[in-house]
Amino acid sequence: KNEVEQSPQNLTAQEGEFITINCSYSVGISALHWLQQHPGGGIVSLFMLSSGKKKHGRLIATINIQEKHSSLHITASHPRDSAVYICACQGSGSRLTFGEGTQLTVNP
Amino acid sequence: DAGVIQSPRHEVTEMGQEVTLRCKPISGHNSLFWYRQTMMRGLELLIYFNNNVPIDDSGMPEDRFSAKMPNASFSTLKIQPSEPRDSAVYFCASSLGPGANVLTFGAGSRLTVL
């Protein structure tokens, strides 16, 4: 069992739909990161959170420390949101443990 | 700031050759990370530096890999000799410091070893 598990692995949605990507982890963490990797390969950090909820534009990330679970939500999805979304857990140091990623495709 | 700058963006080389990847972190960032991404293993941390000092190199696969950070604005990852299984995308990232800080990634260096 991986220390960080994401679901679903693949997700196809229609433009405008509300999207949820889940991340469950089995290790103690100091922070959880959500990353976005576009088809061109570049990686962008979307959120880093250790409790509660954060919002940036149409993106919302939540974390429940007790349940060791985080979700990334995208409201009013758009084809430009198509990317791989990666959850990464950070322990007491700076090492990140990565999930396998969720491939999101948003069709017009 | 131009972000984290990596070079080369693409490198194709033959097995046995030396490969050097370069990274310039964001000015003022004290932590620098080298990651490798492959289809089979996803993203893996190879090594990270804090204030130019290697802190955790447990992800470096073997002695063929070495990394240096001679100053706060430059780091190299060297593979000598290279092997086909080293083919991957190598990302450099930097952050303000150790602990829970947002990472900024470079565009990556795609290495193909024939």
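Just above, that's the structure.
The paragraphs below set out a description of the structure included in this document.

Reading the values: the criteria
Residues numbered from 1 in each chain as written. Chains lettered and ligands numbered in written order. Predicted model: local features only at pLDDT ≥ 70, side-chain atom pairs only at ≥ 80, totals over all residues. Heavy atoms only, no water. Contact = heavy atoms within 4.5 Å. Buried area = accessible area lost by both parts, 1.4 Å probe. Salt bridge = Lys/Arg side-chain N within 4 Å of Asp/Glu carboxyl O. Polar contact = N/O pair within 3.5 Å; in protein donor to acceptor, adjacent residues only side chain to side chain. Helix = DSSP H or I, 4+ residues; strand = E, 2+ residues; numbered from the N terminus. Pairing = 2+ DSSP bridges. Axes fitted to C-alpha atoms, helices over the stretch in contact; angles between N-to-C directions. Buried < 20%, exposed > 50% of the residue type's maximum accessible area, 1.4 Å probe, protein only.

Brief notes about the interface of chain B and chain A
- Counting residues at the interface gives 17 residues for chain B, matched by 16 residues for chain A.
- A buried area of about 1400 Å², summed over both sides, lies between chain B and chain A, and 60% of it is on carbon and sulfur atoms.
- One salt bridge in this structure joins R95(A) and D56(B), with 3.0 Å as the shortest N-O distance.
- Linking chain B to chain A there are 3 residue pairs in polar contact (both at pLDDT 80 or more).
- Put simply, the parts of the chain that give the side of chain B that touches chain A at least two residues each are strand 4 (31-38) and strand 5 (42-50) of chain B.

Observations regarding the side chain of S82(B)
- Turning to its location among the elements, S82(B) is positioned in the loop between strand 8 (74-79) and strand 9 (88-95).
- Not counting chain neighbours up to four residues away, the residues in contact with S82(B) comprise T13(B), E14(B), M15(B), G16(B), Q17(B), V19(B), R64(B) and V113(B).

Comments concerning unusual backbone geometry
- Here the residue pair S7(A) and P8(A) is connected by a cis peptide bond, since its omega of -5 degrees sits within 30 degrees of zero.
- Locating P8(A) in the fold gives a position in the loop between strand 1 (4-7) and strand 2 (10-14).
- In this structure, P8(B) follows S7(B) across a cis peptide bond, with omega equal to -10 degrees.
- Here P8(B) shows up in the loop between strand 1 (5-7) and strand 2 (10-13).
- The phi dihedral of N51(B) falls on the positive side, at around 50 degrees, and the residue is not glycine.
- Tracing the backbone shows N51(B) in the loop between strand 5 and strand 6 (53-56).
- A positive phi angle, close to 75 degrees, is found at N52(B), a residue other than glycine.
- Structurally, the position occupied by N52(B) is in the loop between strand 5 and strand 6.

Quick word on the sheet that holds strand 7 (residues 59-64) of chain A
Residues and elements named next belong to chain A.
- A sheet is described by the order of its strands in space; here 5 strands give the open sequence 1-3-8-7-6, paired in antiparallel fashion. The sheet is open, and its two edges are formed by strand 1 and strand 6 (52-56), each paired on a single side. Averaged over all adjacent pairs, the angle separating strand axes in this sheet is 15 degrees, with direction ignored.
- One ladder, built from 6 bridges, connects strand 3 (residues 19-25) with strand 8 (residues 69-74); its direction is antiparallel.

Focus: the pairing of strand 6 of chain A
Residue and element names in this part refer to chain A.
- Burial within strand 6 is sparse, with just 0 of its 5 residues counted as buried.
- Pairing of strand 6 with strand 7 involves 5 bridges; the strand directions are antiparallel. Following the sheet pairing, K55 is matched in strand 7 by I60.
- Here strand 6 hands over to strand 7 after 2 residues, with G57 in that stretch at a positive phi of 65 degrees.

Things to note about the pattern of salt bridges
Residue and element names in this part refer to chain B.
- Summed over all chains, the structure comprises 10 salt bridges over all chains.
- When the shortest N-O distance is used, the salt bridge between E62 and R85 registers 3.2 Å. Of this pair, E62 sits in the loop between strand 6 and strand 7 (65-71) while R85 sits in the loop between strand 8 and strand 9, and the two are 23 residues apart along the sequence.
- Take R85: its relative accessible area is 54%, and that puts it in the exposed class.
- If you follow the salt bridges from partner to partner, you end up with E62, R64, E83, R85 and D86 in one network.

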